Amino acid sequence: MERRSFIGLVGGVAGGAFVAARGGAATRPKSASNTDFLWGTAGSAYQSEGGNIASDLWVMEHVQPAIFADPSGDACDTYHRFDEDIALSASLGFNTHRFGIEWSRIEPERGQISHAGLAYYRRVLESCHRHGLKAVVTLSHFTVPRWVAASGGFTDPANVDAFAAHCDRVVGAMGDLIHMAATFNEPNLATVVRWSGVAEKYRPFIQAAQKAAGTAQNAPAWSSPMLAGELQYDGIVAAHEQAVVAMRKAGARFPIGLTLAIPADRAAGGDDSGLKRKQSEMLDRWLAASGDFVGVQVYTGGEVGPKADVPPPPGTELTQMGYAFTPGAVEGAIRLAASRTDRPLYVTENGVATEDDSRRIAYIEGAVAGVERCLADGIDLRGYIHWSLLDNWEWVAGYRPKFGLVAVEPKTFRRLPKPSARFLGDIARRGGLGR
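Residues numbered from 1 in each chain as written. Predicted model: local features only at pLDDT ≥ 70, side-chain atom pairs only at ≥ 80, totals over all residues. Heavy atoms only, no water.

A.B. asks: Which parts of the structure should I look at to understand the side chain of Glu102?
C.D. replies: Considering the arrangement of structural elements, one finds Glu102 in the loop between β2 (96-100) and α5 (103-106). Arg105 is the oppositely charged side chain nearest to the buried, salt-bridge-free Glu102, at an N-O distance of 6.5 Å. Polar contacts involving the side chain of Glu102 include one to the side chain of Ser104, which spans 3.0 Å. (Helix = DSSP H or I, 4+ residues; strand = E, 2+ residues; numbered from the N terminus. Buried < 20%, exposed > 50% of the residue type's maximum accessible area, 1.4 Å probe, protein only. Lys, Arg positive; Asp, Glu negative; His and termini not counted. Salt bridge = Lys/Arg side-chain N within 4 Å of Asp/Glu carboxyl O. Polar contact = N/O pair within 3.5 Å; in protein donor to acceptor, adjacent residues only side chain to side chain.)

What follows is the structure, encoded as structure tokens:
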């Protein structure tokens, strides 16, 4: 398989207002320099912790045909080094840490609850508090326990119920330490990928890998949600809705929402029919779902024709993901989201894959300038969380793309902050570019 073309297929990307009783997150920052504005970095459990052997993707990584460039293995060993990473983030100047709670560590088999797993994530949250960072958690960042995939993912109503129960369990064990929570990370990504034009080309490879995983697990219904395209959308929406209700009943007093992939696109050739249809298809059902906020996740933007995205023209600067280098994309995505919802917005992912850290600095400078323009125009934007703190395992692309502000030595796991880490950390300290 042509890895570079396949990277964009699944890799990274990529109701109601807050009430005062839900605490500090309900306060609308007047500017990025306000102490309520979230400045942070992000990561996910599966991409950084390592050794998530009870997850569906661990199975998918180890079957043929192989659709992952590298196995995740130990990843960044964040499972053992979370306190080091959180302390580093705080020392750089950030006030927020976004991370994932891996469902498969807490419920490795259906109905079998790991109290050690719950205690582990409580320690991560306690570390955030100890170092003065607000904790933004994701309850399903593309991965699920392998037993969920084995029975069809979220097409199985029992798994919808199980996810809501998982979210209830998390609130009961550690909800007092959570600042904000997203149920699902980029559940709309399959629509964005479909419009990119690569989904149809690589569907046979994915179907073959899903079938191989089902054979390996003696589970003919096997379906990893991350790789199932739009077939699981109805179940994911139901799981989100049930989870919101369950978390509120469990006493959650923090904002709950969804993070969405929102490329910053424009119409090709003056015909905006395709652009309007793409935006509707990728956003409408998710913005209609219950929630207190919308997480904006954006890496690039481009042109959309009547039926599909238009490839970047020759000579366009491309990132390691094959995306157009577009620092201004975050501003376009924020404005698009603001035009379609009145809920508070947070940039929960934005970044660039490059070996050249000077280009990352240029990207960050352009992105933050766009954030500041949105705030100046009165958009209810409450945070900027950069992807990612660490160079980590980037799904099908393996370890090649470098999104991190901090490099990780592959054998020693030594953390090596890049100049971009200090650049964005200084912006966070100042509360903006300070120009």
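A.B. asks: Can you help me understand the packing of aromatic side chains in this one?
C.D. replies: The relative placement of two aromatic rings is captured by the distance of their centres and the angle of their planes. Evaluated as defined, the whole model comprises 20 aromatic pairs. An angle of 25° between the planes, with centres 4.2 Å apart, marks the rings of Tyr79 and Tyr120 as stacked. Here Tyr79 is found in helix α4 (residues 78-92), whereas its partner Tyr120 is found in helix α6 (residues 115-130), with 41 residues between them in sequence. Under the relative-accessibility criterion, Tyr79 is labelled partly exposed at 26%. Ring geometry for Phe325 against Tyr363: centres 5.6 Å apart, planes inclined by 75°, an arrangement best described as edge-to-face. Of this pair, Phe325 sits in the loop between β9 (309-310) and α13 (329-340) while Tyr363 sits in helix α14 (residues 357-376), and the two are 38 residues apart along the sequence. The residues Phe325 and Tyr363 share a single accessibility class, namely buried. Connected via pairs of aromatic rings, a cluster forms that spans Tyr46, Phe68, Phe142, Trp393 and Trp395. Here Arg359 stacks its cationic end above the ring of Phe325, 4.3 Å away from the centre of that ring. (Phe/Tyr/Trp six-rings, centres within 6.5 Å; stacked < 30°, edge-to-face > 60°. Lys NZ or Arg CZ within 6 Å of the ring centre and 35° of its normal.)

A.B. asks: What's the story with unusual backbone geometry in this structure? I'm lost.
C.D. replies: Glycine aside, a negative phi is what most residues show, and trans is what most peptide bonds show. Along the chain, Gln64 connects to Pro65 via a cis peptide bond; the corresponding omega equals 5°. Relative to the assigned elements, Pro65 resides in the loop between α3 (56-61) and α4. In the segment running from Trp387 into Ser388, the intervening peptide bond is cis, with an omega of 5°. We note that Glu186 has phi near 45°; this positive angle belongs to a residue other than glycine. With respect to the element layout, Glu186 can be found in the loop between β4 (180-185) and α9 (189-196). Taking relative accessible area as the criterion, Glu186 reaches 2% and is therefore assigned buried. Phi is positive for Phe413, close to 65°, though the residue is something other than glycine. Along the chain, Phe413 turns up in the loop between β12 (406-408) and β13 (415-417).

A.B. asks: Hey, could you run me through the pairing of β2 in this one?
C.D. replies: Each regular strand shows side chains that alternate between the opposite faces of the sheet. Within β2, five of the five residues are buried, which leaves the element mostly enclosed by the surrounding structure. The side-chain alternation of β2 yields two buried faces, one formed by Thr96, Arg98 and Gly100 and the other by His97 and Phe99. The sheet contact formed by strand β1 (residues 38-42) and β2 spans three bridges and is parallel. Note that in β2 the partner of Thr41 across the bridge is His97. The sheet contact formed by β2 and strand β3 (residues 134-140) spans five bridges and is parallel. (Pairing = 2+ DSSP bridges.)

A.B. asks: How should I be thinking about the pattern of salt bridges in this particular structure?
C.D. replies: Two side chains bearing opposite charge may form a pair once their charged atoms approach each other closely. Tallied over the entire structure, the rule returns 27 salt bridges. As a salt-bridge pair, Asp77 and Arg81 come within 2.8 Å of each other at their nearest N and O atoms. Residue classification places Asp77 among the buried residues on the basis of a relative accessible area of 12%. Classification of Arg81 by relative accessible area gives partly exposed; the value is 24%. A single network of salt bridges, built from pairs that share partners, joins Glu331, Arg335, Arg373 and Asp377.

A.B. asks: Please clarify how the pairing of strand β10 (residues 345-350) should be interpreted in this entry.
C.D. replies: Of all six residues in β10, six are buried; the element is thus mostly enclosed. In this sheet, strand β11 (residues 381-387) lies alongside β10 in parallel orientation, the contact comprising two bridges. Bridged to Val347 within β11 is Tyr384. With α14 bridging β10 and its parallel neighbour β11, the resulting β-α-β unit is right-handed. (Right-handed = clockwise from strand over helix to strand, strands pointing away.)

A.B. asks: How do you make sense of the packing of α6 against helix α8 (residues 157-174) when you look at a structure like this?
C.D. replies: How two helices sit against one another is set out by the angle between their axes and by the gap between those axes. At a minimum axis separation of 10 Å, α6 and α8 run at an interaxial angle of 55°. Considering their axes alone, α6 and α8 lie oblique with respect to each other. The element α6 and its partner α8 pack so that their crossing is right-handed. Between α6 and α8, the contacting residues are Leu118, Tyr121, Arg122 and Leu125 on the first element and Arg169, Ala173 and Met174 on the second. (Axes fitted to C-alpha atoms, helices over the stretch in contact; angles between N-to-C directions. Parallel < 35°, antiparallel > 145°, perpendicular 65-115°, else oblique. Left-handed = near helix turned anticlockwise from the far one by under 90°. Contact = heavy atoms within 4.5 Å.)

A.B. asks: Before we go on, may I ask you to explain the sheet that holds β9 in this structure?
C.D. replies: Strand pairing within a sheet occurs via backbone hydrogen bonds; the two strands may be parallel or antiparallel. If you walk across this open sheet you meet the three strands as β6-β8-β9, and the pairing is mixed. Two strands in the sheet have a free side with no partner beyond their single neighbour: β6 (266-267) and β9. The pairing of strand β8 (residues 303-304) with β9 spans two bridges and is classified as antiparallel. Residue pairing in the sheet places Val304 in a bridge with Asp309 of β9.

A.B. asks: Sorry, what's going on with the environment of Leu318 here?
C.D. replies: Tracing the backbone through its elements, the reader meets Leu318 in the loop between β9 and α13. Owing to a relative accessible area of 37%, Leu318 belongs among the partly exposed residues under this scheme. The sequence separation of Leu318 and Leu405 amounts to 87 residues, and the corresponding C-alpha distance is 19 Å.

A.B. asks: Sorry, what's going on with the side chain of Glu61 here?
C.D. replies: Structurally, the position occupied by Glu61 is in helix α3. Arg146 is the oppositely charged side chain nearest to the buried, salt-bridge-free Glu61, at an N-O distance of 9.2 Å. Discounting residues that sit within four places of it in the chain, Glu61 has contacts with Tyr46, Phe68, Asp70, Pro71, Ser72, Gly73 and Trp393.

Limitation: the analysis is restricted to geometry and does not speak to function.
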